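Fold and contact review
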Amino acid sequence: MPSTLPRLVAALALTLAVSAGPVRAEDTLPPAPAGMVVIPAGNYAPLIRTKDEPERVPVAAYYLDERPVTNAEFLAFVRANPKWQRSRVSPLFADRGYLADWAGDTELGPRVPAASPVVRVSWFAARAYAAWAGKRLPMTAEWERAAAAGFTTANGGTEPGFPAYALVWFSKPTPDTLPAVGLGRPNFYGARDLLSLVWEWVDDFNTAMVSGESRGDTGLERTLFCGAGAAGARDLTNYPAFMRAGLRSSLRASYVVPNLGFRCAQSLPL
Amino acid sequence: MKTKFAVVLLALLVTALGRSLLAGDSAEPSRAAEPSRASALLPAKDACCVVAPAATTAAPCCAVVEKSAPCCDPLPAGAPLSARSLYQLDAKWTDDAGQTVKLASLRGQPVVVAMFFASCEYACPVLVSDLQRLRAALPSAVRAQTRFVLVSFDVVRDTTAVLAAYRAKFPLDAAWTLLRGEATDVQDLAMLLGVKYKQDARSQFAHTNLITVLNPAGEIAHQHPGLQGDVSEAAKAVEAVAKRVSVAAKAE
């Protein structure tokens, strides 16, 4: 058994390495581009799943903007892409009310601070911005995985005080003027404002609430978020995640909402 | 804290009833945000020649020819697309014969469109059968000018050959166009139609079953959700937009 000893040594070394503590993402992955943070690979447990769906979905490591996109950044986008300016945008891609609080097509005005998150943007506009910036919108699983982290651990749900913190935003009215981005305390991965500033678009928001059994009927009412569906939910205590799922299911891609913004993501280089 | 949880639960139940969480969230005004269009299925009111699902007759602008109704004007080839025309989508699709197709090439005729995938075990065959029922319900003159378009969710498995086999299986005649496209283009179209879809672990797609009638300008004129329902309203919508085509033809 000459090969047994090296195997044992390797196993021991591995055990020691694992027990030495969590390996931080920045130790093992290429550094994130400026303004982005690394969300390491891991699993996402869908809030609601059908019997055919796995309990956990693997999520590859990716980069996520540290904070939501600001009015100033979106202004640069519409200047470079006039078809996304308020008076020119196709009603197919953004409903009336798109950037309604801006003073003009390329003017923010006094009520819209440059450093505050851009809101009243449709999914189409958010996605166009992301493409222009060389990025993309995060997927639901990616966004939720980033938002599941606490301040000091990867699992906010078990971090003392964090679940209560995650509910605070819901208890406060949206201010007339949204505060600047980046003021929120960074979470375990370094992302800010995920749970404390605005709702955020995700690329696949229109997958929310589709039940596997919707093939059997309209898929629009009966099988969505009814009592049975909620009873099958994995984590009944994660109310913010339920709220986000509910919100996503109510959206259409052209909608614009006064407290719905977005941030971008990027896949790791291959 | 209990109260807050109850508020959250209440909001959730509102969602369960198929209403907008945002619009209906009166108990939590801080997060209440008004989408600019509340209806999940109806097209915008100002869409041309809209036929509401409950309507029994065509919208006035389609039934009565008036020079003042711009949406009933003939559609000269090459005229700019209307603001709500789905034909603004510039994506290139491939049909089951391998030909490149742009949606704008469907302009000028009534179009009935649905999204599907070929390996679908249950809903899609029923959806296609609903479309066949709808087609059979059309007067022959209208039937002759109406195109039926099936667009696949399955960008990986639904190759042109698979789509061709799907056509042969039913069979679907020349009035049917079967399309496949890039993932982002499928997503764009689904977003515009209001079709939700999600691939599950077995690579099946859970999806909204939705039949959409497009007028000759490519605007959504009517939507019919569900399976095995009464398609007569959808048939009326097709007839209504077909009238517009014949009016346009006479004008020329």
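Values in this document were obtained by computation on a predicted structure and should not be read as measured data. (Residues numbered from 1 in each chain as written. Chains lettered and ligands numbered in written order. Predicted model: local features only at pLDDT ≥ 70, side-chain atom pairs only at ≥ 80, totals over all residues. Heavy atoms only, no water.)

1. A look at the overall build of chain B
Helix and strand counts for chain B stand at eight helices and nine strands. Relative to its full complement of 252 residues, chain B shows a buried share of 53%. By sequence separation, contacts in chain B at least 24 residues apart represent 66% of the contacts at least 6 residues apart. (Helix = DSSP H or I, 4+ residues; strand = E, 2+ residues; numbered from the N terminus. Buried < 20%, exposed > 50% of the residue type's maximum accessible area, 1.4 Å probe, protein only. Contact = heavy atoms within 4.5 Å.)

2. Focus: empty space enclosed by the protein
Residue and element names in this part refer to chain A. Applying the stated rule across the entire model yields six cavities of 30 Å³ or more. The computed volume of the second largest cavity comes to approximately 110 Å³. Listed by contribution, the elements that provide at least two residues to the lining of the second largest cavity are helix 6 (162-171), strand 5 (199-200) and helix 8 (239-250). The biggest single contributor to the lining of the second largest cavity is helix 8, with four residues. The residue makeup of the lining of the second largest cavity, split by class, is ten nonpolar, one polar and three charged. (1 Å grid on protein atoms, 1.4 Å probe; cavity = no way out; pocket = protein on both sides within 12 Å on 5 of 7 lines; lining within 4 Å. Points joined across faces, edges and corners; volume = space filled by probe spheres on them. Nonpolar A, V, L, I, M, F, W, Y, C, P; charged D, E, K, R; others polar.)

3. Notes on the side chain of Q204 of chain B
Among the structural elements, Q204 of chain B can be located in the loop between strand 6 (197-199) and strand 7 (205-207). For Q204 of chain B, the side chain forms a polar contact with the main-chain oxygen of S119 of chain B, separated by 3.4 Å. (Polar contact = N/O pair within 3.5 Å; in protein donor to acceptor, adjacent residues only side chain to side chain.)

4. A look at the confidence of the model for chain B
Residues of chain B with pLDDT of at least 70 account for 65%, and the chain-wide mean is 75. Every residue in residues 1-74 of chain B is under pLDDT 50, and counting partners more than four places away or in other chains gives 132 contacts. (pLDDT = per-residue confidence, 0-100.)

5. Comments concerning the environment of V113 of chain B
All names here are of chain B. You can see V113 is positioned in strand 3 (residues 111-116). Along the sequence, V113 and L210 sit 97 residues apart, while their C-alpha atoms lie 8.5 Å from each other. When neighbours within four sequence positions are excluded, V113 is seen to be in contact with V149, V151, L193, L210, I211, T212 and L214.

6. Some words on the packing of aromatic side chains
Residue and element names in this part refer to chain A. Tallied over the full model, the rule gives 27 aromatic pairs over all chains. Geometrically, the ring pair formed by Y129 and W132 is tilted, given 5.6 Å between the ring centres and 55° between the ring planes. Here W132 and Y129 lie together in helix 4 (residues 123-132), a separation of three residues that amounts to about one turn. Among the residues examined, W132 registers a relative accessible area of 39% and is labelled partly exposed. Between F151 and F162 the ring centres are 5.1 Å apart and the planes differ by 80°, which places this aromatic pair in the edge-to-face class. Of this pair, F151 sits in the loop between helix 5 (140-147) and helix 6 while F162 sits in helix 6, and the two are eleven residues apart along the sequence. For the pair formed by F151 and F162, the shared burial category is buried. In this structure, R185 is placed above the aromatic ring of F151, and the distance from its NZ or CZ to the ring centre is 4.0 Å. (Phe/Tyr/Trp six-rings, centres within 6.5 Å; stacked < 30°, edge-to-face > 60°. Lys NZ or Arg CZ within 6 Å of the ring centre and 35° of its normal.)

7. Re the confidence of the model for chain A
All names here are of chain A. Overall, the predicted model of chain A reaches an average pLDDT of 83, with 76% of residues at or above 70. Counting contacts from residues 11-23, a segment whose pLDDT is below 50, to residues more than four positions away or on other chains yields one contact. Counted against residues more than four places away or in other chains, residues 210-232, with its pLDDT under 50, gives 53 contacts.

8. Quick notes on the pattern of salt bridges
All names here are of chain A. This structure, assessed with the given rule, holds 15 salt bridges over all chains. With its nearest N and O atoms 2.8 Å apart, the salt bridge here joins D65 to K135. Taken as a pair, D65 in strand 4 (residues 62-65) and K135 in the loop between helix 4 and helix 5 lie far apart in primary sequence, 70 residues in all. Residue classification places K135 among the partly exposed residues on the basis of a relative accessible area of 25%. (Salt bridge = Lys/Arg side-chain N within 4 Å of Asp/Glu carboxyl O.)

9. Re the side chain of E159 of chain A
All names here are of chain A. For E159, the location among the structural elements is in the loop between helix 5 and helix 6. In this structure E159 is buried but unpaired, with R185 as the nearest side chain of opposite charge at 5.8 Å. A polar contact of 2.7 Å, which involves the side chain of E159, links it to the side chain of T153. Non-local contacts of E159, meaning those with residues more than four positions away in its chain, are made with G150, F151, T152 and T153. (Lys, Arg positive; Asp, Glu negative; His and termini not counted.)

10. Digging into the sheet that holds strand 1 (residues 36-39) of chain A
All names here are of chain A. With antiparallel pairing, the three strands of this open sheet are ordered in space as 1-4-7. Taken across any chain shown, the strands that pair with only one partner, and hence form the sheet edges, are strand 1 and strand 7 (265-267). Recorded for the sheet is a direction-independent mean angle of 25° between the axes of neighbouring strands. Strands strand 1 and strand 4 of the sheet are contacted by helix 5, whose axis makes an angle of about 70° with strand 4. (Pairing = 2+ DSSP bridges. Axes fitted to C-alpha atoms, helices over the stretch in contact; angles between N-to-C directions.)

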